[in-house]
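Chain residues, written in single-letter form:
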Amino acid sequence: MTSRADVLAAAAGLRAPDPSAQTEKTLDAAVRRIVGGLVSVDTSAGDQLDYTAYPAAGGGALDGVMIDATTYVYSSGATRTRTLVALVPVDEALSLGGTLELRAAGASLQRSTLSGDVFVSSPVDTTDAGPLEVVVADETAPSVGQPAPSAPVPRTAAEKAVAKAAYDAALKKARKKYAKAKKKAGTSKRRKAAAKKKYARSRAAAKARFRSAVADVPSAAPPAAPADQRVFRTMISTDTGWVTA
């Protein structure tokens, strides 16, 4: 079960401008505890679990992280990414309330009602999703009638295949550069840390390009209509600080 301490440690570690080795170790352990039990891998078969994590900006009433957990199946070489969100109130005397929504390229993937002192969403498959953001609304009043928006135009299978090939090539290139940089760093912890951060940036950038390339093409905006009574604000997005492991 995810603890409040794990969520806060993960968010703080992700926001740290120059984390120490101990901070990074604590961060990694916290993220993996949050993911553990929700996204499983068969390590005995050689499968792997990597992640990219994004923190809340900080300074608000809520704190937390969004985690992209990517599994690699050794036997087939297949990869799959599932995203989950963990939130806590900054003031431990308060409880969570309101509504949370996970969006991909502006489209809703999951909507949840917040409650309790720790919230962890169920994982959502975002393997082929566009740019992600977590939005929250303090007010939970029901929305007034709105016309259903026109369906966005999905990318073709060929376009997705090209995007996936480019993504895989970018990851392979990043891994090779990281391996060379680690070897060149020798015993220098500072140079190894710098190489890891550069590798993380390359992976995050590749993921962002891939998501944009496979995201549905937005349709024409529907006619103006009464707005939802809830006021959603972005809390976490894939354009905000990250770390990978």
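Look up a bit, the structure's there.
Everything quoted here is computed from the prediction, not taken from an experiment.

Scoring rules and cut-offs
- Residues numbered from 1 in each chain as written.
- Predicted model: local features only at pLDDT ≥ 70, side-chain atom pairs only at ≥ 80, totals over all residues.
- Heavy atoms only, no water.
- Helix = DSSP H or I, 4+ residues; strand = E, 2+ residues; numbered from the N terminus.
- Buried < 20%, exposed > 50% of the residue type's maximum accessible area, 1.4 Å probe, protein only.
- Expected span 1.5 Å × (residues − 1).
- Arc of directions from axis to C-beta.
- Patch = residues over 30% accessible without salt bridge, like charges linked within 9 Å, V, L, I, M, F, W, Y side chains within 5 Å.
- Areas by Shrake-Rupley, 256 points an atom, 1.4 Å probe, with all protein chains shown as cover.
- Salt bridge = Lys/Arg side-chain N within 4 Å of Asp/Glu carboxyl O.
- Lys, Arg positive; Asp, Glu negative; His and termini not counted.
- Charge placed at Lys NZ, Arg CZ, Asp CG, Glu CD.
- Axes fitted to C-alpha atoms, helices over the stretch in contact; angles between N-to-C directions.
- Parallel < 35°, antiparallel > 145°, perpendicular 65-115°, else oblique.
- Left-handed = near helix turned anticlockwise from the far one by under 90°.
- Contact = heavy atoms within 4.5 Å.
- Nonpolar A, V, L, I, M, F, W, Y, C, P; charged D, E, K, R; others polar.
- Phe/Tyr/Trp six-rings, centres within 6.5 Å; stacked < 30°, edge-to-face > 60°.
- Pairing = 2+ DSSP bridges.

1. Focus: the overall build of the chain
Link 1 in the chain: When helices and strands are tallied, the chain shows 4 helices and 10 strands.
Link 2 in the chain: Across the 245 residues that make up the chain, the buried fraction comes to 37%.

2. Thoughts on helix α2 (residues 21–35)
Link 1 in the chain: For α2, which comprises 15 residues, the first-to-last C-alpha distance of 21 Å matches the rise-based estimate of 21 Å (1.5 Å per residue) to within 8%.
Link 2 in the chain: Those residues of α2 not exposed but buried are Leu27, Ala30, Val31, Ile34 and Val35. Down the axis of α2, the smallest arc covering the buried residues is 130°, so these residues share one side. Summarising the geometry of α2, the exposed residues directed more than 90 degrees from the buried face are Ala21, Gln22 and Lys25.

3. Notes on a positive patch on the surface
Link 1 in the chain: On the surface, a cluster of positive charge is contributed by Lys172, Lys173, Lys176, Lys177, Lys180, Lys198 and Arg201.
Link 2 in the chain: Taken together, the elements giving at least two residues each to the positive patch come down to α3 (157–185) and α4 (189–214).
Link 3 in the chain: Along the polypeptide, lysine 173 turns up in helix α3.

4. Some points on the packing of helix α1 (residues 4–15) against α2
Link 1 in the chain: At a minimum axis distance of 8 Å, the contact between α1 and α2 shows a crossing angle of 135°. The orientation of α1 with respect to α2, classified from their angle, is oblique. Remark: the crossing between α1 and α2 carries left-handed chirality. Counting all contacts with α1, which are made through Asp6, Val7, Ala9, Ala10, Gly13 and Leu14, the residues of α2 involved are Thr23, Thr26, Leu27, Ala30, Val31, Arg33 and Ile34.
Link 2 in the chain: Considered class by class, the residues forming the contact of α1 with α2 number 8 nonpolar, 3 polar and 2 charged.

5. Things to note about the packing of α3 against α4
Link 1 in the chain: One can describe the packing of α3 onto α4 by two numbers: an axis separation of 9 Å at closest approach and a directional angle of 175°. The angle between α3 and α4 falls in the class roughly antiparallel.
Link 2 in the chain: Partitioning the contact of α3 with α4 into residue classes produces 14 nonpolar, 1 polar and 11 charged.

6. Here's the deal with unusual backbone geometry
Link 1 in the chain: One non-glycine residue, alanine 105, lies in the positive phi region at around 50°.
Link 2 in the chain: Within the fold, alanine 105 resides in the loop between β4 (99–104) and β5 (107–113).
Link 3 in the chain: Residue class for alanine 105 comes out partly exposed when judged on its relative accessible area of 44%.

7. Digging into the packing of aromatic side chains
Link 1 in the chain: Taken as a whole and judged by the stated rule, the model has 2 aromatic pairs.
Link 2 in the chain: Ring geometry for tyrosine 167 against phenylalanine 210: centres 4.9 Å apart, planes inclined by 20°, an arrangement best described as stacked. Of this pair, tyrosine 167 sits in helix α3 while phenylalanine 210 sits in helix α4, placing them 43 residues apart in sequence.
Link 3 in the chain: On the basis of an interplanar angle of 5° and a centroid distance of 4.5 Å, the ring pair of tyrosine 178 and tyrosine 199 is categorised as stacked. One end of the pair, tyrosine 178, is in helix α3; the other, tyrosine 199, is in helix α4, with 21 residues separating them in the sequence.
Link 4 in the chain: Note on tyrosine 199: relative accessible area 14%, which makes it buried.

8. Topic: the sheet that holds β5
Backbone hydrogen bonds are what pair the strands of a sheet, in a parallel or an antiparallel way.
Link 1 in the chain: Within the open sheet, the 4 strands sit side by side as β5-β4-β8-β9. Their pairing is antiparallel. If you trace the sheet from one side to the other, it starts and ends with β5 and β9 (233–237), each paired once. Strand-to-strand twist in this sheet, taken as the mean axis angle between neighbours without regard to direction, amounts to 25°.
Link 2 in the chain: Where β4 meets strand β8 (residues 132–137), 6 bridges bridge the pair, whose relative direction is antiparallel. Of the residues in β8, the one forming a bridge with threonine 99 is alanine 137.

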